[in-house]
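Per-entry structural report
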Amino acid sequence: MGGTGGGKDGPGLLCRNVKVSGRRTSLRMEPYIWDSLKEICERERLTLNEICTQIDQRRGEANLTASIRVFIVSYYRTAIGQRGFSEDGQSPLLRKAMDDAVPLD
């Protein structure tokens, strides 16, 4: 896990390998984005690879890292209106965020 950039102007990007739709790829995103994605994975009881694959399958022509960022924003915006998260498997929150951020066309 390596970072680039950074310094006093802001955090650098972290590059991590993930398996998306069965293929290995590298994604470069900010540490806060990685932390948010990890938190969503834990809440939804999904792996990083599973979430990234779901986003990849819905993103169309959009860039994968951009689609992940939009998904995270949608997930948390949707959560603001919810009283809590599901304790049993995938929540309606995950489905709503997925539909809003990366709709199937």
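Everything below is about the structure printed above this text.
None of the values given here were measured: they were computed from a predicted structure.

Let us now look at the pattern of salt bridges. One pass over the structure, following the stated rule, counts six salt bridges. Between Asp-56 and Arg-23 there is a salt bridge, with its nearest N and O atoms 3.7 Å apart. Residue Asp-56 is located in helix H2 (residues 48–58), and its partner Arg-23 is located in strand E3 (residues 23–29); the two are separated by 33 residues in the primary sequence. The class of Asp-56 is buried, set by a relative accessible area of 13%. Note on Arg-23: relative accessible area 41%, which makes it partly exposed. Asp-56 is the salt-bridge partner of Arg-59, the closest N and O atoms lying 2.7 Å from each other. One network of salt bridges, with partners in common, ties together Arg-23, Asp-56 and Arg-59.

This part is about helix H1 (residues 31–44). Between its terminal C-alpha atoms H1 stretches 20 Å, which fits the 20 Å expected from 14 residues at 1.5 Å a residue. Restricting attention to buried positions, one finds in H1 the residues Ile-33, Trp-34, Ser-36, Leu-37, Ile-40, Cys-41 and Glu-44. End-on, the buried residues of H1 take up no more than an arc of 165°, which puts them together on one face. When the buried face of H1 is taken as reference, the exposed residues oriented beyond 90 degrees from it are Tyr-32, Asp-35, Lys-38 and Glu-42. Buried residues belonging to H1 abut strand E2 (13–20), E3, H2, helix H3 (64–80) and helix H4 (92–101). One or two residues past the end of H1 sits Arg-45, with phi positive at roughly 55°.

Rules and cut-offs
Residues numbered from 1 in each chain as written. Predicted model: local features only at pLDDT ≥ 70, side-chain atom pairs only at ≥ 80, totals over all residues. Heavy atoms only, no water. Salt bridge = Lys/Arg side-chain N within 4 Å of Asp/Glu carboxyl O. Helix = DSSP H or I, 4+ residues; strand = E, 2+ residues; numbered from the N terminus. Buried < 20%, exposed > 50% of the residue type's maximum accessible area, 1.4 Å probe, protein only. Expected span 1.5 Å × (residues − 1). Arc of directions from axis to C-beta. Contact = heavy atoms within 4.5 Å.

Function cannot be read off these values alone, since they describe shape.
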